[in-house]
Amino acid sequence: APNKVPQSLYDEIGGMPTVEAITDNLINEISFNETIYRYFKKTNIRRFREKFIEHLCVNTGGPCIYTGDTMLRVHQGQNISETDFNLIVDLLVNAMKKAGLTYTQQNQVLKVLAPMRVEILYK
Ligand code: HEM
């Protein structure tokens, strides 16, 4: 039997269809969460979807190019609290569960995104 080649997290979770499913589930979760939806009232959701997919793809080791703005720039002026950051993380976990990620895979994604909080909080 061929050796198992180590894959990226991106490949392991199912590649682009899964990244798209996570993003669509997240947008759905955001639309039903009053606290978080407040932030997105003026957002172009088409753009958000496109950039979030690219971002998640790149950050899980996928073959994409991120064409959005820096995390600092995008979230600047929103004064995002720790509570609301944690709320988005909860929504993202729901989105990943619905997309079929295992508990381990969910944690691997969170581990990549968690350090970005310093660029996002209270700006
Ligand atoms: C690890 C956590 C997060 C990640 C990875 C993330 C990622 C992103 C990405 C990739 C974009 C699109 C960038 C672009 O359009 O160029 C974006 C936009 C946005 N994010 Fe986040 N985000 C995170 C946390 C949060 C939190 C906690 C909030 C608010 C509670 C938030 C609110 C927004 C809003 C409102 C936009 C749209 C801004 C606009 O209308 O231009 N994000 N985020």
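Under an unreviewed UniProt entry, the name given to the protein chain is Group 1 truncated hemoglobin, and the organism recorded is Marinomonas rhizomae. As stated in UniProt under Sequence similarities (unreviewed entry), the record for the protein chain gives "Belongs to the truncated hemoglobin family. Group I subfamily."

Participant: So, the packing of helix α6 (residues 82-98) against helix α7 (residues 103-113): which residues are in play, and what are the values?
Facilitator: Running from N to C, α6 and α7 point in directions that differ by 140 degrees, and their axes come no closer than 10 Å. Here α7 runs oblique to α6, going by the angle between their axes. Pair α6 / α7 crosses with right-handed handedness. Contacts between α6 and α7 involve V89, V93, M96 and K97 from the first element and Q106, V109 and L110 from the second.

Participant: Any details on helix α2 (residues 15-31)? Residues and values, ideally.
Facilitator: Since one α-helical turn is 3.6 residues long, residues separated by three or four positions face the same way. Taking 1.5 Å as the rise per residue, α2 with 17 residues should run 24 Å; its terminal C-alpha atoms sit 25 Å apart, in good agreement. Those residues of α2 that are buried lie in contact with α1 (9-13), α3 (34-37), α4 (45-59) and α6.

Participant: Give me the site of the ligand: which residues, what numbers.
Facilitator: The environment of the ligand is made up of 21 residues, and the closest members are T43, K51, H55, G68 and I88. Taken together, the elements giving at least two residues each to the shell around the ligand come down to α4, α5 (71-75) and α6. At five residues, the largest contribution of residues to the shell around the ligand is made by α4.

Participant: Can you tell me about the nonpolar core, naming the residues and giving the values?
Facilitator: I22, L56, A95 and M96 are the most contacted members of the largest nonpolar core, which has 16 residues in total. Those elements that provide at least two residues to this core are α1, α2, α4 and α6. Look past the residues within four positions of A95 in its chain and what remains in contact with it is I22, N25, L26 and E29.

Participant: Describe in detail the UniProt feature "binding site: heme" (unreviewed entry) in the protein chain, supporting the description with residues and values.
Facilitator: Taken from the UniProt record, the annotation "binding site: heme" (unreviewed entry) applies to H75. Its place among the elements puts H75 in helix α5. For H75, the residues in contact, after removing those within four places along its chain, are I80, I120 and K123.

Participant: Give me unusual backbone geometry: which residues, what numbers.
Facilitator: Of note in this structure, N79 is not a glycine but carries a positive phi near 45 degrees. Relative to the helices and strands, N79 is located in the loop between α5 and α6. Within the chain, Y122 stands out as a residue other than glycine whose phi angle is a positive 50 degrees. Its location among the elements puts Y122 in the segment after α8 (117-120).

Quick notes on the rules
Residues numbered from 1 in each chain as written. Predicted model: local features only at pLDDT ≥ 70, side-chain atom pairs only at ≥ 80, totals over all residues. UniProt positions renumbered as here; feature names shortened; annotations may be inferred. Axes fitted to C-alpha atoms, helices over the stretch in contact; angles between N-to-C directions. Helix = DSSP H or I, 4+ residues; strand = E, 2+ residues; numbered from the N terminus. Parallel < 35°, antiparallel > 145°, perpendicular 65-115°, else oblique. Left-handed = near helix turned anticlockwise from the far one by under 90°. Contact = placed C-beta atoms within 7 Å. Expected span 1.5 Å × (residues − 1). Near = placed C-beta within 6 Å. Core = buried A, V, L, I, M, F, W, Y, C linked by C-beta atoms within 7 Å. Buried ≥ 20, exposed ≤ 12 C-beta atoms within 10 Å, placed from the backbone.

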